[in-house]
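Chain and residue survey
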Amino acid sequence: MLELAGIIILGILAQWVAWRFKIPAILPLILIGLLVGPIAAEFFNEDGSKWIEPVWNGEKGLFPGDGLYYFVSLSISIILFEGGLTLRRGEIKNIGPVITKLITLGAAVTFFGAAIIAHYVFGLGWELSFLFSGLIIVTGPTVITPILRNIPLKKDVSAVLKWEGILIDPIGALVAVLVFEFISVGGDAGFTGTALLEFLKIILFGTTFGFTFAHALIFVINKKWVPHYLLNVVSLSTVLLVFVESELFAHESGLLAVVVMGMVLGNSKLKNLKEILYFKESLSVLLISILFILLSANIDYKELMLLYDWKTLLLFALIVFVIRPLGVFLSTSKSNLKTNEKLFISWVGPRGIVAAGIASLFGSKLLKQGVEGAEYITPLVFMIVLGTVLLNATTARLFAKIVGVFLERSNAIMIVGASDVARLIARYLKDNKRRVVLIDSNSENVEKAKAEGLESIEVSIYDDELTDNIELNDVGYLIAMTGSDSINKFVISNFASIFGEQGAYRLATSQEVITKDYDDEDHLFTIEDDYINIMEAVREFPEIHETPVNSVQEYKTKIEKIHDEIKSIPILVKNKNTNEILLISEFEHDVKKIEGWIVIYLGKNLNI
């Protein structure tokens, strides 16, 4: 009981440390696992026992016999299902061919290149070399996200890394499963007809079970045959059912089945999808915390010592500094990415839970089967996982600055609220070559924004999802213009330091407009305008107009004329020579020369 409670407590503590110091959780989790496992057995306990003993002699420990194997299998199935839920066809299409090449050509380069290196550098047999290379194809999004969260990058670079990590997980898992099947079934005969048959069975049953059960679950939930309080546990039990049933029909097809199920659910019109996703995310955090400590603790000190060789360093260096860049540059050869962006993508390729979990799973099974060299699989993969995470977590920000992809000035604009007026302003800014992201929890507003070709995200400002989105790293301006004064104030107080590096602004409240008691440091347009005034103007005149000004007096005169007309509101100014756009409040604070500027206002056209 003490060991089990200790794993959960240490796991959550590691997650908190990771959050506090902005590092991937995998790093403290593995270090804790090694400390309470092989290091404790070797240096702290005279009897050679571990503080946390997952398995010992196949009989004792937390998971005697095949217990650990079953727990790891079920846990990874839930984690992969949660990953599948986050995949959206539309988002993949927007990223372009670079992602497709990275998860196909790039994965193939890693698969064959790493296998050749493992065979000739480390002396592994070809079968185990290809198993090792299949396991390290993956680059987990849960590891990449905390690394990139505080590095301001262009959206395209962040998007490539994020979606490569999400899509490559199931692909790497599938490749590793298929290679494992070839080893287990083919034996000395290699790629036999029997192994090929097993391969086809995995594909057939995995996709069939995943697709069928996903649609069945969608039907049941939409028909409201499941009460709301049972929704999450029913979906969880269905995932486990799919995994187990698929495994019974075709061994090792369960992982493919749950990924397919997650992808189908994630792209469906399931009303409760977000609720299921949040539940699975929380569960995944807990499982990842437990798994990494368990799997790290399960490694023996003698297995770690197998890596105490110059060949290990050479293997790591060739995979990270040769194979990864080769795959990236081949995959992005005819893309719009610049050389420095390709270099940065090449540098960031940390491995995650799927690699470590499946390696431990297959490594222990091959050891039981007596496969020569199988003892190297788990420690080698853990070495790649720990090494890449440590390298990227400590150097990614510095390397971004060295190669010149670090944005010195974050100019993208986040508008919280996707109302009619927000969309009108966003369209104008987009037409003037500014990146604008609309944030709203109202699905109808978000759909309208997307229909107008605007970048928009349906998310609550009270969720962590907003700060976890690495594609928002280039946002430097924060504008809160919802119809709720309390939400606008909450946005400024909680997100100004994250998304408002260049400035954070909100609409005036109705009370502030009346009393003129207003903090001019964060006011959005002018002291005369609140949400009601702006919406009334746009309701009758959903237009944006421009008028040039060439002197301070002309600027003041035109602003007064716009204010005098109830249905017109000044919002921005633009430099007609440089196309620089500033908010009215920002312009009045910093402007030095008035010549060559254009006042932009919405509402009724005053022809001034």
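The rules behind the values
Residues numbered from 1 in each chain as written. Predicted model: local features only at pLDDT ≥ 70, side-chain atom pairs only at ≥ 80, totals over all residues. Heavy atoms only, no water. Helix = DSSP H or I, 4+ residues; strand = E, 2+ residues; numbered from the N terminus. Rg over C-alpha atoms; globule rule 2.2 N^0.38 Å. Buried < 20%, exposed > 50% of the residue type's maximum accessible area, 1.4 Å probe, protein only. Core = buried A, V, L, I, M, F, W, Y, C linked by side-chain atoms within 4.5 Å. Contact = heavy atoms within 4.5 Å. Pairing = 2+ DSSP bridges. Axes fitted to C-alpha atoms, helices over the stretch in contact; angles between N-to-C directions. Expected span 1.5 Å × (residues − 1). Patch = residues over 30% accessible without salt bridge, like charges linked within 9 Å, V, L, I, M, F, W, Y side chains within 5 Å. Areas by Shrake-Rupley, 256 points an atom, 1.4 Å probe, with all protein chains shown as cover. Salt bridge = Lys/Arg side-chain N within 4 Å of Asp/Glu carboxyl O. Right-handed = clockwise from strand over helix to strand, strands pointing away. Polar contact = N/O pair within 3.5 Å; in protein donor to acceptor, adjacent residues only side chain to side chain. Phe/Tyr/Trp six-rings, centres within 6.5 Å; stacked < 30°, edge-to-face > 60°. Lys NZ or Arg CZ within 6 Å of the ring centre and 35° of its normal. Parallel < 35°, antiparallel > 145°, perpendicular 65-115°, else oblique. Left-handed = near helix turned anticlockwise from the far one by under 90°. Nonpolar A, V, L, I, M, F, W, Y, C, P; charged D, E, K, R; others polar. Bend = angle between axes of the 7 residues up to and from the residue.

1. Some points on the overall build of the chain
When helices and strands are counted, the chain shows 25 helices and nine strands. By the compact-globule yardstick of 25 Å for 608 residues, the chain fits well, its C-alpha radius of gyration being 28 Å. Each of the three principal axes of the chain carries a C-alpha extent, and together these read 85 × 55 × 50 Å. For the chain, with 608 residues in total, the buried portion stands at 55%.

2. Considering the nonpolar core
Ranked by internal contacts, the top residues of the largest apolar core, which has 136 residues, are Leu-131, Phe-132, Leu-148, Leu-265, Leu-315, Phe-344 and Ile-358. Among the elements that make up this core, the one with the highest residue count is helix α8 (residues 155-186) (15 residues). Setting aside its immediate chain neighbours within four residues, Leu-148 contacts Leu-153, Leu-161, Phe-344, Val-348, Ile-470 and Asn-473. Residues Ala-426, Leu-507, Val-538 and Ile-569 belong to the second largest nonpolar core, which totals 32 residues.

3. What about the sheet that holds strand β4 (residues 475-480)?
The strands making up a sheet associate through backbone hydrogen bonding, with each pair oriented either parallel or antiparallel. Strand order across the open sheet formed by five strands is β3-β2-β1-β4-β5, with parallel pairing between neighbours. Each edge of the open sheet carries a strand with a single partner, namely β3 (455-458) and β5 (503-506). Pairs of neighbouring strands in the sheet enclose a mean axial angle of 20°, with direction left out of account. Where β4 lies against β5, four bridges are found, and the strand directions are parallel.

4. Here we look at helix α3 (residues 67-85)
Spanning 19 residues, α3 covers 27 Å between terminal C-alpha atoms, matching the ideal 27 Å at 1.5 Å per step. Most of α3 sits out of view: 14 of its 19 residues are buried.

5. Remarks on a nonpolar patch on the surface
On the surface, Leu-35, Phe-43, Phe-44 and Trp-51 cluster together into a nonpolar patch covering about 440 Å² of accessible area. Looking at the secondary structure, you find Phe-43 in helix α2 (residues 26-44).

6. Thoughts on the pairing of strand β2 (residues 436-440)
Of all the five residues making up β2, five are buried; the element is thus mostly covered by neighbouring parts of the structure. What you see with β2 is no split at all: Val-436, Leu-438 and Asp-440 on one side and Val-437 and Ile-439 on the other are buried throughout. Looking at chain direction, strand β1 (residues 412-416) and β2 are connected through four bridges and run parallel. Its bridge partner being in β2, Ile-415 is matched across the sheet by Leu-438. Regarding topology, helix α18 (residues 420-431) serves as the crossover connection from β1 to the parallel β2, and that connection is right-handed. Bridge count between β2 and β3: four bridges; the pairing is parallel.

7. Quick look at the sheet that holds strand β9 (residues 597-603)
On the basis of which strands lie adjacent, the open sheet formed by four strands has the order β6-β9-β7-β8 and antiparallel pairing. Looking at strand neighbours, the two that pair on one side only are β6 (544-549) and β8 (581-583), the edges of this open sheet. Direction aside, the axes of adjacent strands within the sheet are offset by 30° on average. Bridge analysis of strand β7 (residues 568-575) against β9 gives seven bridges, and the strand direction is antiparallel. Bridged to Val-573 within β9 is Val-599.

8. Observations concerning the pairing of β5
In summary, the side chains of a regular strand alternate between the two faces of the sheet. Neither face of β5 is exposed, since Gly-503 and Tyr-505 on one face and Ala-504 and Arg-506 on the opposite face are all buried. Each parallel crossover has a hand, and for β4 linked through helix α21 (residues 485-499) to β5 it is right-handed.

9. Considerations on the side chain of Ser-129
Within the secondary structure, Ser-129 sits in helix α6 (residues 126-135). Setting aside residues up to four positions removed in sequence, Ser-129 forms contacts with Ala-115, Ala-118, His-119 and Leu-124.

10. Things to note about the pattern of salt bridges
Pairing between side chains becomes possible if they bear opposite charge and their charged atoms approach one another. Throughout the structure, instances matching the rule amount to nine salt bridges. One salt-bridge network, held together by shared partners, links Asp-420, Arg-423, Arg-427 and Glu-452.

11. Points about the side chain of Gln-15
One can find Gln-15 in helix α1 (residues 2-21). Of the polar contacts made by the side chain of Gln-15, one reaches the side chain of Ser-289; its length is 3.0 Å. Residues within four places of Gln-15 in sequence aside, it is in contact with Ala-25, Leu-29, Val-285, Ile-288 and Ser-289.

12. Considerations on the packing of aromatic side chains
In this structure the tally under the stated criterion is 17 aromatic pairs. Note on Phe-43 and Tyr-301: the rings are 5.6 Å apart at their centroids and 90° apart in plane angle, and the pair reads as edge-to-face. Highlighted residues: Phe-43 in helix α2 and Tyr-301 in helix α13 (residues 301-305), separated in sequence by 258 residues. Its relative accessible area of 25% is what places Tyr-301 among the partly exposed residues. An aromatic cluster of at least three residues, connected via ring pairs, comprises Phe-111, Phe-112, Tyr-120, Trp-126 and Phe-130. In this arrangement the basic side chain of Lys-401 is found over the ring face of Phe-406, its NZ or CZ atom lying 5.0 Å from the centre.

13. Looking at unusual backbone geometry
In this model, Lys-224 sits at a positive phi of 60°, which is unusual for a non-glycine residue. Mapped onto the fold, Lys-224 is located in the loop between α9 (193-222) and α10 (231-249). Phi is positive for Lys-433, close to 70°, though the residue is something other than glycine. The topology assignment puts Lys-433 in the loop between α18 and β2. Note on Lys-433: relative accessible area 74%, which makes it exposed.

14. A short note on the packing of α3 against helix α11 (residues 254-266)
Axis separation between α3 and α11 bottoms out at 7 Å; the angle between their running directions is 30°. What the angle tells us is that α3 and α11 run roughly parallel. The two elements α3 and α11 meet at a crossing, and its hand is right-handed. From α3, Ile-76, Ser-77, Leu-80, Phe-81, Gly-84 and Leu-85 reach across to α11, where they touch Leu-255, Val-258, Val-259, Met-261, Gly-262, Met-263, Leu-265 and Gly-266. Split into classes, the residues belonging to the contact of α3 with α11 amount to 10 nonpolar, four polar and no charged.

15. Focus on helix α17 (residues 377-403)
Helix length check: α17, at 27 residues, gives a terminal C-alpha distance of 34 Å against a target of 39 Å (1.5 Å per residue), a shortfall beyond 12%. For α17, the principal kink sits at Thr-395 and spans about 55°. The first or second residue beyond α17 is Gly-404, which carries a positive phi of 85°.

16. Brief notes about the environment of Gly-603
By secondary structure assignment, the location of Gly-603 is in strand β9. Sequence separation of Gly-603 and Glu-540 is 63 residues, and the distance between their C-alpha atoms is 7.4 Å. The contact partners of Gly-603, leaving out residues within four places of it in the chain, are Ala-537, Phe-541, Glu-543, His-545, Lys-567 and Ser-568.

So, to be careful, I would describe these as geometric facts and stop short of saying anything about function.
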